[in-house]
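In case you want the letters, here they are:
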Amino acid sequence: MKSHVKVAVIGGGVVGCSVLYHLAKLGWTDIALIERSELTSGSTWHAAGGFHTINSDTNIAALQGYTIKLYKELEELSGQSCGLHHVGGITLAGTPDRMDYLKTERAKHRYMGLDTHIIGPEEIKQLSPITNVDGVIGGLYDPLDGHLDPSGTTHAYAMCARKLGAEIYLRNPVLELNPQTDGSWQVVTKEGTIHAEYVVNAGGLWARELGEMVGIFLPLHPMEHQYLITEDIPEIYELGREHPHVMDPEGESYLRQEGRGLCIGFYEQEADPWAVNGTPLDFGHELLPNNLDRIGDSMEFAFNRFPVLGKAGIKNVINGPFTFAPDGNPLVGPVPGLRNYWSACAVMAGFSQGGGVGLTLAEWMIEGEPSRDVFAMDVARYGDYCSRPYARKKVTENYQRRFSITYPNEELPAARPFQTTPAYPIWRVQRAVFGQAYGMEAVNYFAPEGEPLLETPSFRRSNAFDAVGAECRAVRTKVGITEIHNFGKYKITGPKAAEWIDMIMAGRVPKVGRMSLSPMLSPKGRLIGDFTIARLAEEEFQLTASFGAQGYHLRWFWDHLPEEGVEIENVSLKRIGFQIAGPHARDLLAKVTYEDVSTEAFPFMSVKRMGVGLSDAIVQRVTYTGDLGYEIYVPADEQIALYEVLSEAGKEFGLTPFGMRAMMSLRLEKSFGSWMREYKPDYTAEETGLDRFVAYNKPADFIGKAAVLKEKAEGVTRKLSTFVVDAKDADVHGDEPIWKDGEVVGFVTSGGYAHYVEKSVALGFTPPGMIADGAEFEIEILGEMRPARMVLEPLLDPDASRMRG
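Residues numbered from 1 in each chain as written. Predicted model: local features only at pLDDT ≥ 70, side-chain atom pairs only at ≥ 80, totals over all residues. Heavy atoms only, no water.

A. Just the overall build of the protein, in detail. For the protein, the count of helices and strands is 20 helices and 37 strands. Against the compact-globule benchmark of 28 Å for 805 residues, the protein has a radius of gyration of 27 Å, which places it among compact chains. Counting only C-alpha atoms, the protein reaches 80 × 65 × 50 Å along its principal axes. Taking all contacts inside the protein whose residues are at least 6 apart in sequence as the whole, residues at least 24 apart take part in 72%. Charged side chains in the protein number 78 positive and 107 negative. The centres of these two groups are separated by 3 Å. (Helix = DSSP H or I, 4+ residues; strand = E, 2+ residues; numbered from the N terminus. Rg over C-alpha atoms; globule rule 2.2 N^0.38 Å. Contact = heavy atoms within 4.5 Å. Lys, Arg positive; Asp, Glu negative; His and termini not counted. Charge placed at Lys NZ, Arg CZ, Asp CG, Glu CD.)

See below:
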C-alpha cells in the first residue's frame, strides 16, 4: 500500500469506482480507492440495476444520459461485461396531470438530444403485452432505459481505473481522517496510514460515519427498499424478445424482466428509515428482513396493472438499504468549511447517475469547475439548518414521492415550518400561503377569505392566480410590503475588503453610500453569483444574493479569502426587514424617518443608515419589483417594531402585503432575470446580458477576467431575450423548447404571467442572429405549440423612470 497519494477515494461501490476511473481518465493516476470490505459491499450488490434518463433537473438528466452511454466504453476498455440490457422503458400516465408531466419531460428532451416519445395505450400494449392499459391515458417511451449487472459494471469501472494506474485496497477499513495544516489528509486505515492531498467520501451507507470522523453531518439517510423476483412466467419467456421496463407511478412500482420472470420494486408510502443511529460497521453483505405487509397496497395495485403477477410465484424478496438526500439528488463536490474534503454520496440511482457523478467530481477537482451547472447535486445546496431530524423527515418524504409528479409550483409539507422570522405570525393572521427555501418559510401569496390556505399543484394556472394578480396591481398602483429575509446577506469588513471584492466580483466597487450590481464569475467566466454590493463605509460592505445559495457562495468566499485584512460574516438571519415598493413607497418612507428621502438626497442605487421608526436601519434604494422602492434592513429582534411602524403609516397609502409569487410576476415586466433560472453556472454574463455590469477595463485582475475578455472578442452562440406568449391556461415555467420554422432553436429559462401588463411572458435563449424586435417563434407548452413574439424592451417602464425617479 502506498504511503502517499494525490486522491484517496473511500468506498468501493459503483460511485467510488466511477470517481476513481474518471480521475484517472482525466489524467490523475496517483490515486487509490480504499474499501472496508470487497467491491460492491454496500448498496451496490443488492441493487436492481435499472437505469433511466428522466430527472426534473435537465443537467442531471443529461449526466444520466452520459452514464448510460458510458457502459459500452467501459466494456471495451475493461473486457468486462456490464450485462447491458437496453430494452427501453415506458412511464405510464393514468391522470391528466401525469400526462402533463410527461409532456413537459418530453419537451425538455427535445433540446437535450434525448430521443423520447409520447405514446398512447395501444402502443403501450404492443410494447408491453402484460400491461393492463385500462385507465392509462398514455406514456413516455425512452429507448435508452434498461438494466445491467451491478457487480460486473462496478468491476468494469475498477478494471478501467487500474489499467490507467489507479490502485485499489480492499478489506481495509478507514479508522481516522486527520486534517493537516497544508490542507492534506492523514487517512488512517487498518493496514496503515496514507497521506492524501484530497479525500473523497464515496462511503455510501457509511458516508455519515465518514463525515462524523471530520466533524460534519452530511444530509442523507438510508431507507429500506424492497423488490421481488418472480418464478418463470410463460408470457415473458415466450414473448420472443426482452420485455421493456414499465414504470407505473400510480402504483408506486417499476417492473422489468429478470431471466424468465419479472423483477418488480416498490416505493411505498409505509416507508422505513433504516439505521437511524448509524450504519453498523459490520454490515455489508446482508439483506434486511422481508416486510411484505409494508408493500401490500402497492402489490395489489400491481396485480391489477400486470395480471400475470397474480399467477406467478415469488422466488426472491430483496429488502436492502439505499441512501438518499432530502431531495433525492446526490451530494457531490467540495464540502464547505473543509479543505480538500469532497463528497460523492447519496447517489441512490447509482447505475443511472454514477458515471455522471464521477465525471463531475473529476472535472471539478482537476479543472477547478465542472463542465456544466450541477447545483442540483452540489453538497453545498444544504446549510446548517439541515439537521439530522430534518434530513430524516425530508428523506422519508422524498422516498414516498419517488414516483410522484413534480409540479413547478409545489411546496412540500414535511419538516415545516422549521425556520421562521418574527413576522411569521403576522402573515399567518393575514392568511399567508407559505413556501420555503433553504429551510426558511417565506410568503408565496395571501389567500382571500373563503379560499384554501394551499396552492393547488399544477402545470397550469393555479388557484393562486387571481390573488397574485391583485397583489401585483396593488404594488404597481399604491405601495406593497414584503419581507427581505430571503436574500443571502454578507457583512464584509476590513482594510482589504474593497480590494478583495474588486478581485472576487466582476463589477465595479461602489463609493461609500452607493450600490452596484455585479456578477461573480468562475475562472472560465461562468456565472456563480448575481450580487448587489452596498458600501456602508470605507471598510464595510453588504453583499446581497440568493438566499438558497448561502453554502455555495460562502464556500467560494472562504476558498478565496486572503490570510488577513478581510472578515466575512453571514448575516442572512440577523439582518432582515421589509421591502416597500410602488408609486407611494417614498411617501411611506418619508413618513417614518426624519431623513430627506427625496430623489436628490437619496437617488436610485444609494444606501444609507437612517432612523426608521425606532430602528437604526440600513436602507437601500432598490427593489426587485422594478418599481420605486426601498429595502429596509434591521436586526431580527426589531422586525416586529419596524412592521408596526410601516403598517400604521401605510394605511393612508393603501399598503398591501405581497408574496414571492407576485414578486416573480412583477420582475417579468422588467425582464429581470433570476438566480438559478436566467443566471446560473451554465451561462455567462455576455449570454445573459449581465455583461453590462462587468467592469472589463478595471485594473483589478478579477476572477474570470481573461475568459470574459476572450468571450467579448469572439462573441457568443446564444443570447437571452424576452417573449410575449399567446398562452391559454398554462404559462411557461422553464425548460420549454423554443421553435422557429419547425426546428428547436432555443429553450426557456423561466417565465409566467405578468399580471399588471396582462401578458404571458417567457425568458429564454436563442441564437444572436435571431434576435429582433417582434420576431416570431413558437414555444411548446404541454405538448402544444404557442405563438411567441420577441420583445427587446421591458413591458413596463422601458426608460426606468418609475424605478429611478
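Additional details are given in the paragraphs that follow.
B. Fine view of the sheet that holds strand S37 (residues 784-791). Spatially, S32-S35-S34-S33-S36-S37 is the arrangement adopted by the six strands of the closed barrel, whose pairing is antiparallel. Taken over all neighbouring pairs, the strand axes of this sheet differ in orientation by 45° on average, direction set aside. Looking at chain direction, strand S34 (residues 743-754) and strand S35 (residues 759-766) are connected through seven bridges and run antiparallel. Directly across from Gly-752, in S35, lies its bridge partner Val-761. Together, strand S33 (737-740), S34 and strand S36 (776-781) form the strand contacts of helix H3 (residues 96-112), whose direction differs from that of S33 by roughly 65°. Lying over the sheet, helix H17 (residues 660-668) contacts S34 and S35, oriented at roughly 125° with respect to S34. (Pairing = 2+ DSSP bridges. Axes fitted to C-alpha atoms, helices over the stretch in contact; angles between N-to-C directions.)

C. Just the nonpolar core, in detail. Counting 66 residues, the largest nonpolar core has Val-7, Val-9, Leu-23, Tyr-71, Leu-74, Val-200 and Met-365 as its most contacted members. If you tally residues by element for this core, the top one is helix H1 (residues 14-25), at eight residues. In contact with Leu-74, not counting residues within four places along its chain, are Tyr-21, Gly-79, Cys-82, Ala-156, Tyr-157 and Cys-160. (Core = buried A, V, L, I, M, F, W, Y, C linked by side-chain atoms within 4.5 Å. Buried < 20%, exposed > 50% of the residue type's maximum accessible area, 1.4 Å probe, protein only.)

D. Structural view of the environment of Ile-90. Tracing the backbone through its elements, the reader meets Ile-90 in strand S4 (residues 89-93). Residue class for Ile-90 comes out buried when judged on its relative accessible area of 0%. Sequence-wise, Ile-90 and Val-246 are 156 residues apart; in three dimensions their C-alpha atoms are separated by 4.9 Å. Ile-90 has contacts with Ile-119, Ile-124, Leu-127, Ser-128, Leu-140, Tyr-141, Pro-244, His-245, Val-246 and Met-247, leaving out every residue within four places of it along the chain.

E. Highlighting unusual backbone geometry. The linkage connecting Arg-416 with the following residue, Pro-417, adopts the cis geometry, with an omega of -10°. Within the secondary structure, Pro-417 sits in the loop between helix H10 (388-400) and helix H11 (424-429). A positive phi angle, near 60°, is found at Glu-252, a position not held by glycine. On the secondary structure map, Glu-252 appears in the loop between strand S13 (245-248) and strand S14 (253-258). Not every positive phi belongs to a glycine, and Glu-758 is a case in point at roughly 55°. By secondary structure assignment, the location of Glu-758 is in the loop between S34 and S35. When its relative accessible area of 58% is taken as the criterion, Glu-758 is described as exposed.

F. Focus on the side chain of Asp-731. Its location among the elements puts Asp-731 in the loop between strand S32 (719-725) and S33. With a relative accessible area of 7%, Asp-731 lands in the buried category. A polar contact is formed between the side chain of Asp-731 and the side chain of Arg-461, at a distance of 2.8 Å. Side chain to side chain, Asp-731 and Ser-760 meet in a polar contact 2.6 Å long. (Polar contact = N/O pair within 3.5 Å; in protein donor to acceptor, adjacent residues only side chain to side chain.)

G. Spotlight on helix H5 (residues 150-163). Taking 1.5 Å per residue as the helical rise, H5 with its 14 residues ought to reach 20 Å, and the 20 Å between its terminal C-alpha atoms agrees with that figure. Taken residue by residue, H5 has Pro-150, Gly-152, Thr-153, Thr-154, Ala-156, Tyr-157, Ala-158, Cys-160 and Ala-161 as its buried positions. Elements that come into contact with the buried residues of H5 comprise H1, helix H2 (58-78), strand S8 (167-169) and helix H9 (350-367). A positive backbone phi angle near 115° is found at Gly-165, which sits one or two residues after H5. (Expected span 1.5 Å × (residues − 1).)

H. Representation of the pairing of strand S25 (residues 540-546) in the model. For S25, a buried count of six out of seven residues is recorded, marking the element as mostly surrounded by other parts of the structure. Where strand S22 (residues 487-493) meets S25, seven bridges bridge the pair, whose relative direction is antiparallel. Along S25, the bridge assignment pairs Ile-492 with Phe-541. The pairing of strand S24 (residues 527-537) with S25 spans five bridges and is classified as antiparallel. Within S25, the position partnered with Thr-532 by the bridge is Thr-544.

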